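Per-entry structural report
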Amino acid sequence: MMTAEYVITRHFAAPPEAVWASWTEPERFARWFGPASLATPVGRITLDTRPGGVWRTTLVGEEGFEVTLDGTYRVVEAPSRLVFTTGDPDAPGDGPASVATVELTGAGGGTAMRFHQYGVNTDDEHAAQARAGWLEFFDRLATQLDA
């Protein structure tokens, strides 16, 4: 079983409460989660933000393309810490799964965000692709928060 992990840090001009809302409210989540080439319909998002609650979103593209991502929340401490899985890292089977931790801290009139993802059944190439995806998502998040 291959494992990989990485950290991304970002600073947003918005306060931690606004960044937290972007992670936990479907209407806000839909605006930034996913690559720009795909839509994230708010009606296809479930964010049951409590420990043990499920998150699920379906990204929709052209010609009927769809991909669903989901997992479970492990820690929900508004507005500072959110820990969630993608897939089931405790019993991943053959597919990649991970644990992601989002930590938000007030800083410089805005928010410092530390994003850590630890993946199982994940090689370095898959981790690099996932990291590149999150970087794009967080660019979109910054645009939404600054609007």
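To keep things clear, this report deals only with the structure shown in the data block. (Residues numbered from 1 in each chain as written. Predicted model: local features only at pLDDT ≥ 70, side-chain atom pairs only at ≥ 80, totals over all residues. Heavy atoms only, no water.)

**Some points on empty space enclosed by the protein**
- Applying the stated criterion across every chain, the model contains one cavity of 30 Å³ or more.
- Each pocket or cavity is described by its volume, and for the largest cavity that value is around 50 Å³.
- Taken together, Trp-23, Phe-29, Phe-33, Trp-55, Tyr-73, Phe-84 and Trp-134 form the lining of the largest cavity.
- Looking at the lining of the largest cavity, its residues break down into seven nonpolar, no polar and no charged. (1 Å grid on protein atoms, 1.4 Å probe; cavity = no way out; pocket = protein on both sides within 12 Å on 5 of 7 lines; lining within 4 Å. Points joined across faces, edges and corners; volume = space filled by probe spheres on them. Nonpolar A, V, L, I, M, F, W, Y, C, P; charged D, E, K, R; others polar.)

**Looking at the sheet that holds strand E7 (residues 110–120)**
- Spatially, seven strands are ordered E1-E7-E6-E5-E4-E3-E2 in an open sheet, and the strand pairing comes out antiparallel. Each edge of the open sheet is held by one strand with a lone partner, namely strand E1 (3–12) and strand E2 (45–47). Each neighbouring strand pair of the sheet contributes to a mean axis angle of 20°, computed without reference to strand direction.
- Bridging between strand E6 (residues 97–107) and E7 involves 11 bridges; their strand directions are antiparallel. Across the sheet, residue Ala-97 finds its bridge partner in E7, namely Val-120.
- Relative to the sheet, helix H3 (residues 124–146) contacts E1, strand E5 (81–86) and E7, its axis offset from that of E1 by approximately 15°. (Pairing = 2+ DSSP bridges. Helix = DSSP H or I, 4+ residues; strand = E, 2+ residues; numbered from the N terminus. Axes fitted to C-alpha atoms, helices over the stretch in contact; angles between N-to-C directions. Contact = heavy atoms within 4.5 Å.)

**A few points about the nonpolar core**
- Core analysis: the largest hydrophobic core is formed by 33 residues, its most contacted members being Trp-23, Trp-32, Phe-84, Phe-115, Trp-134 and Phe-138.
- Going through the elements one at a time, E1, helix H1 (16–24), E2, strand E3 (54–60), E5, E6, E7 and H3 are the ones with two or more residues in this core.
- With seven residues, H3 is the single largest residue contributor to this core.
- Residue contacts for Trp-134: discarding those within four places in its chain leaves Tyr-6, Ile-8, Trp-23, Trp-32, Phe-33, Phe-84, Phe-115 and Gln-117. (Core = buried A, V, L, I, M, F, W, Y, C linked by side-chain atoms within 4.5 Å. Buried < 20%, exposed > 50% of the residue type's maximum accessible area, 1.4 Å probe, protein only.)

**Observations concerning the environment of Tyr-6**
- In this structure, Tyr-6 sits in strand E1.
- A sequence separation of 20 residues divides Tyr-6 from Pro-26, and the C-alpha atoms of the two residues are 26 Å apart.
- Discounting residues that sit within four places of it in the chain, Tyr-6 has contacts with Phe-115, His-116, Gln-117, Ala-127, Ala-130, Arg-131 and Trp-134.
- Within the structure, the side chain of Tyr-6 is placed 2.3 Å from the side chain of Gln-117, a separation counted as a polar contact. (Polar contact = N/O pair within 3.5 Å; in protein donor to acceptor, adjacent residues only side chain to side chain.)

**Side note on unusual backbone geometry**
- For the peptide bond that leads from Ala-78 to Pro-79, omega is -10°, which places it in the cis range.
- Take Pro-79: it is sitting in the loop between strand E4 (66–77) and E5.
- The residue Glu-63 is not glycine, and still its phi comes out positive at about 55°.
- In this structure, Glu-63 sits in the loop between E3 and E4.
- With relative accessibility at 83%, the residue Glu-63 sits in the exposed group.

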